[in-house]
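# Summary of the model geometry
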Amino acid sequence: MKEAGPRRERPRIVVMGGGTGLSVMLRGLKEKPMDITAIVTVADDGGSSGILRSELQMPPPGDIRNVLTALADVEPLLSDMLKYRFNTGAGLAGHSLGNLILAAMTDISGDFVTAVRELSRVFAVRGQVLPAAGQAVVLHAEMEDGSIISGESKIPEAGGRIKRVFLEPDHVEPLPEAVEAIRQADAILIGPGSLYTSILPNLLVPKLAEAVVETDAVKMFICNVMTQPGETDNYTVSDHLKAVQEHIGHQLFDYVIVNNGDIPLQVQNKYAEKGAKPVVLDMNVLKSSGYQVVADTLVLFKTYLRHDADKLSHHIYQLVQNWMLRKR
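Residues numbered from 1 in each chain as written. Predicted model: local features only at pLDDT ≥ 70, side-chain atom pairs only at ≥ 80, totals over all residues. Heavy atoms only, no water.

The name an unreviewed UniProt entry gives the protein is Gluconeogenesis factor, with Paenibacillus amylolyticus as the organism. The Function (unreviewed entry) comment attached to the protein in UniProt states, word for word, "Required for morphogenesis under gluconeogenic growth conditions." (UniProt positions renumbered as here; feature names shortened; annotations may be inferred.)

## Description of the overall build of the protein
A tally of helices and strands in the protein yields 13 helices and twelve strands. Its C-alpha radius of gyration of 19 Å places the protein within 12% of the 20 Å reference for a compact globule of 328 residues. Its C-alpha atoms put the protein at 55 × 50 × 40 Å along the principal axes. By element, 50% of the accessible surface of the protein is carried by carbon and sulfur atoms, the whole surface being about 14,900 Å². The averaged location of the 39 negative side-chain charges in the protein is 5 Å from the averaged location of its 33 positive side-chain charges. (Helix = DSSP H or I, 4+ residues; strand = E, 2+ residues; numbered from the N terminus. Rg over C-alpha atoms; globule rule 2.2 N^0.38 Å. Areas by Shrake-Rupley, 256 points an atom, 1.4 Å probe, with all protein chains shown as cover. Lys, Arg positive; Asp, Glu negative; His and termini not counted. Charge placed at Lys NZ, Arg CZ, Asp CG, Glu CD.)

## Quick look at the packing of helix α8 (residues 195-203) against helix α10 (residues 237-248)
Packing of α8 against α10 leaves a shortest axis separation of 11 Å and a crossing angle of 35°. Between α8 and α10 lies a crossing whose hand is right-handed. Facing α8, whose interface residues are Leu195, Tyr196, Leu200 and Leu203, α10 presents His240, Ala243, Val244, His247 and Ile248. When the residues that make up the contact of α8 with α10 are grouped by side-chain class, the tally is seven nonpolar, two polar and no charged. (Axes fitted to C-alpha atoms, helices over the stretch in contact; angles between N-to-C directions. Left-handed = near helix turned anticlockwise from the far one by under 90°. Contact = heavy atoms within 4.5 Å. Nonpolar A, V, L, I, M, F, W, Y, C, P; charged D, E, K, R; others polar.)

## Some thoughts on the pattern of salt bridges
Enumeration over the complete set of coordinates arrives at ten salt bridges. Of the charged contacts, one joins Glu173 and Lys207 as a salt bridge, the two residues approaching to 3.0 Å between their closest N and O atoms. Of this pair, Glu173 sits in the loop between β6 (162-168) and α7 (176-184) while Lys207 sits in helix α9 (residues 206-214); the two residues are 34 residues apart in sequence, bridging distant segments of the chain. For Asp296, the salt bridge identified is with Lys311, shortest N-O distance 4.0 Å. (Salt bridge = Lys/Arg side-chain N within 4 Å of Asp/Glu carboxyl O.)

## Some thoughts on the environment of Val40
For Val40, the location among the structural elements is in strand β2 (residues 35-40). Judged by its relative accessible area of 0%, Val40 falls in the buried class. For the pair Val40 and Ile199, spaced 159 residues apart in the sequence, the C-alpha separation amounts to 8.9 Å. Leave out the neighbours within four places in its chain, and Val40 touches Gly17, Gly18, Asp63, Ile64, Val67, Val129, Leu130, Pro131, Ala132 and Asn202. (Buried < 20%, exposed > 50% of the residue type's maximum accessible area, 1.4 Å probe, protein only.)

Here's what the structure looks like:
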């Protein structure tokens, strides 16, 4: 358990996950008076990240780059440059500039973790960004039919129902700084993001999961708005939580933050074409399981559905503040 220390005015929060949803949320959270540590998955093996991972024998940079960009205190033009993806050029097409910069810094420093730390300093990142481990890991999925699918990018394409996911190596060591950040945290946030390929890979790192279970920080799960084809087809909110509990062996969360706002029919139809639909909020099941539920209209729609970063960060900050007041 975390030892009692001097009273802090700025809460320490740890955010775990990967993918676009995490980056959207962090853009809102960085505006709040909180000290943020983002622990980011290193299981990605698709696209630009997969190529750099394979050819340069480095952890995949894509999710890390997204988080660095979200937390960076830089001019919008530089942020756009980091996200820029080359469309043409032999060997360049498909790569983002931010991924290439991370690869170059890894080669210069000789170490991926050092590269992330140095770029955080250069980009005036508001917080600390840590890979879940200092090495790339391979994510496997055992499907309901008993087949094994290997590779984060291949799992959603398999088309079956996932029974469980697991890492190779199975005893991968986390960064000591990540474990310490969890131990010192006032709040742990998990999600939003792909349940089996972004969220669970972090919690499958044994010592990270143990630290999350043992800390007395308030623990929150931010649920996805839509199901993800090949991962969470027909999942309710409680199905997401059940999957985490079955993998970790503990009911982790104090609070579940969910969207209860209506999604326009034309938007639902657009997502239905790809096999996605709104995640059903089964409130009675959640409450009977002991979760405290924060439900609000948390979605915005432009080209894609995204969480409303301002609203989401407001709810998170209020929950953290209230938790800390009760502990005093």
